[in-house]
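Below, each chain spelled out in residue letters.
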Amino acid sequence: MKIFHLGCSLLNPIQKGEIALLHVRAITADEVTAFAAFGRQSGQVVHDVATYLEAMLAKGAMRREWCFVLEKDGAWLGRLAFWTLPGSEVATDVVLWDVPWEAADCARLGLALFREACLLMGTQLDGTIGHVVDTPPMTPQWQTHPAKRQAVLEAAGFQLSRMTDRFDWHAPPDRAQTALGHSKNSEHEIVYRTMPEVGEAAFVDAIERVSRFTFDQYIVQERQAKGAAAQAEEMFRDLQRMAHQPKWWQLAYTRDAKLIGLLMPTVSPTYATIGYIGVLPEQRGNGYIHPLLRRATELLLAAGQTYIRADTDQQNKPMAHAFLRAGYRPFASRLEYSLVRSP
């Protein structure tokens, strides 16, 4: 993967005469509310951002010292924060990245804020930084002006890693009726074995096998860059950092013990997610994805999760069809960006 230096960009962020006038700093304890309300007019948007920020701070996914503002003469011209999975000591993603996007100099301001914030984070920042842009704008980040955001990301050295379609699912009023579609394969034709039964190595092997000939372009790139075995191991460890119960993670087999696929639902700091799900290439075309998706959804539902989200690569039409058939609703598209920082 290409290594980018934060100092290299397509834009000149700040002219020399302006450097002394701009200042990036972490917010203080009494500025959290103002940080959430930066640049927003709608009361609902401010409420959504404030609720998200409060929840992430409480869970340890964000820290106050990871929340930065760009100011000039005491006036705030931008904000951004860094995010990670709870329990991690280093930040992995940029969130709440906002400047006055309608202003002519928004690109310079956004880039200057990001650069200086990265320097201030120091060793608390992971070697690879992620950022997503959702369309249309939605809770909790409400990202307007996507084209301008993309220009800043590209200028900062971010690469577009994946384009996904987003789906969500709400539990019906009668939680006993999940309203999920059925396939020609009845549930009794599949044998499920949990991770405590089969062990971690079996799951890593299943990820490697399921990911072969995948439609997910990011996984394809990772397999090419790192090797299939290393990519599978890394994906397993990344998913393992998400909240889950080991019994949720299950391998699916035919009655004669042939592996069909896997399901690995998780709960992120903001919502439940299908995590990773898939069918082996040699088992595709038999409709197995439908009972696997049903089971993953029902496992989360049984654990009290009544709202579930899932993303799938825009090239993965079969998976998108499975979500639709299962009653999931398409609600957005997402651009996933990543930046590999230089040592």
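Residues numbered from 1 in each chain as written. Predicted model: local features only at pLDDT ≥ 70, side-chain atom pairs only at ≥ 80, totals over all residues. Heavy atoms only, no water.

**A few points about the confidence of the model for the protein chain**
To keep things clear, this is the line we draw: In predicted models, pLDDT denotes the confidence assigned by the predictor to each residue on a 0 to 100 scale. Whether two residues touch is decided by their heavy atoms; if any such pair falls within 4.5 Å, the residues are in contact.
Mean pLDDT over the protein chain: 90, with 89% of residues reaching 70 or higher. Across residues 1–17, where pLDDT falls below 50, the model places 41 contacts with residues more than four positions away in sequence or in other chains. Confidence drops under a pLDDT of 50 for residues 181–186, and excluding neighbours within four residues, the segment shows 16 contacts in the predicted structure.

**Some remarks on the packing of helix α7 (residues 200–210) against helix α9 (residues 228–240)**
Think of two packed helices as two axes; the pair is described by the angle between the axes and how far apart they sit. Note the cut-off: Only the stretch in contact is used when a helix axis is fitted, and all axes are lines through C-alpha atoms; the angle between N-to-C directions ranges over 0 to 180 degrees. Numbered from the N terminus, helices here are DSSP runs of H or I no shorter than four residues, and strands are runs of E no shorter than two. Geometric relationships in this document are graded by angle, where less than 35 degrees denotes roughly parallel, more than 145 denotes roughly antiparallel, 65 to 115 denotes roughly perpendicular, and other angles denote oblique. With the far helix as reference, a near helix turned anticlockwise by less than a right angle produces a left-handed crossing, and one turned clockwise produces a right-handed crossing. Residues are grouped as follows: Ala, Val, Leu, Ile, Met, Phe, Trp, Tyr, Cys and Pro are nonpolar; Asp, Glu, Lys and Arg are charged; all remaining types, including Gly, are polar.
At a closest axis distance of 8 Å, the pairing of α7 and α9 adopts a crossing angle of 120 degrees. By the angle between their directions, the pair α7 and α9 is classed as oblique. Read as a crossing pair, α7 and α9 show a hand that is right-handed. Contact residues: α7 offers Glu200, Phe203, Val204, Ile207 and Glu208, while α9 offers Ala228, Ala229, Ala232, Glu233, Met235, Phe236, Arg237 and Gln240. Along the lines of polarity and charge, the residues of the contact of α7 with α9 split into eight nonpolar, one polar and four charged.

**What to know about the side chain of Ser161**
Convention followed: Relative accessible area decides the class of each residue, using a 1.4 Å probe on protein chains only: under 20% of the type maximum gives buried, over 50% gives exposed, and in between gives partly exposed. In the analysis that follows, any N or O atom pair within 3.5 Å is treated as a polar contact, provided that within protein one partner can donate a hydrogen and the other can accept it, and provided that, for residues neighboring in sequence, both atoms belong to side chains.
Among the structural elements, Ser161 can be located in strand β6 (residues 159–170). Residue Ser161 is classed as buried on the basis of its relative accessible area of 9%. Polar contacts involving the side chain of Ser161 include one to the side chain of Ser338, which spans 2.8 Å. Those residues in contact with Ser161 that sit more than four places away from it in its chain are Tyr218, Gln221, Glu336, Tyr337 and Ser338.

**Observations regarding helix α8 (residues 217–226)**
Formally: Relevant arc is that of directions from the helix axis to the C-beta atoms, nothing else.
Residues of α8 that are buried include every one of Ile219, Glu222 and Arg223, and no others. The buried side chains of α8 occupy one side of the element, clustering within an arc of 100 degrees when seen end-on. In α8, those exposed residues whose orientation departs by more than 90 degrees from the buried face are Gln224 and Ala225. Contacts made by the buried residues of α8 are with α7, α9 and β10 (272–279). Of the residues trailing α8, Gly227 is marked for its positive phi of about 95 degrees.

**Describing the side chain of Thr194**
Position of Thr194 among the secondary structure elements: in strand β7 (residues 191–194). A residue is classified by how much of its surface remains accessible, and Thr194, at 16% relative accessible area, is buried. Not counting chain neighbours up to four residues away, the residues in contact with Thr194 comprise Phe203, Pro246, Lys247, Trp249 and Gln250.

**Remarks on the environment of Leu300**
Checked against the element boundaries, Leu300 lands in helix α10 (residues 289–302). Once you skip the residues sitting within four places of it in the chain, Leu300 turns out to touch Trp248, Pro265, Thr266, Val267, Ala272, Thr273, Ile274, Gln305 and Ile308.

**Here's the deal with the pairing of strand β9 (residues 259–267)**
Applied cut-off: Strand pairing is assigned whenever DSSP detects at least two bridges linking the two strands.
Burial analysis of β9 places nine of its nine residues in the buried class, which makes it a mostly covered element. Bridge count for strand β8 (residues 250–253) against β9 is four bridges, and the pairing is antiparallel. For Ala252, the partnering residue across the bridge sits in β9 and is Gly261.

**Looking at the packing of aromatic side chains**
Each aromatic ring pair is specified by the distance between its two centres and by the angle formed by the two planes. Selection rule: Note on aromatic pairs: the rings of Phe, Tyr and Trp (six-membered ring only in Trp) are paired at centre separations within 6.5 Å, and the planes decide the class, stacked below 30 degrees, edge-to-face beyond 60, tilted for the rest. Sitting over a ring, as applied to charges here, requires NZ of Lys or CZ of Arg to be within 6 Å of the ring centre and within 35 degrees of the ring normal.
Summed over all chains, the structure comprises nine aromatic pairs. Arranged with centres 6.4 Å apart and planes meeting at 50 degrees, the rings of Trp97 and Phe158 form a pair that is tilted. With Trp97 in strand β4 (residues 91–98) and Phe158 in the loop between α5 (146–155) and β6, this residue pair connects regions lying 61 residues apart in the sequence. Assigned by exposure class, Trp97 and Phe158 land together as buried. Through pairs of rings, three or more aromatic residues link up here, namely Phe167, Trp169, Phe323 and Tyr328. Cation over ring: Arg295 sits above Tyr192, and NZ or CZ is 3.9 Å from the ring centre. The ring of Tyr271 carries Arg309 above its face, with NZ or CZ at 4.8 Å from the centroid.

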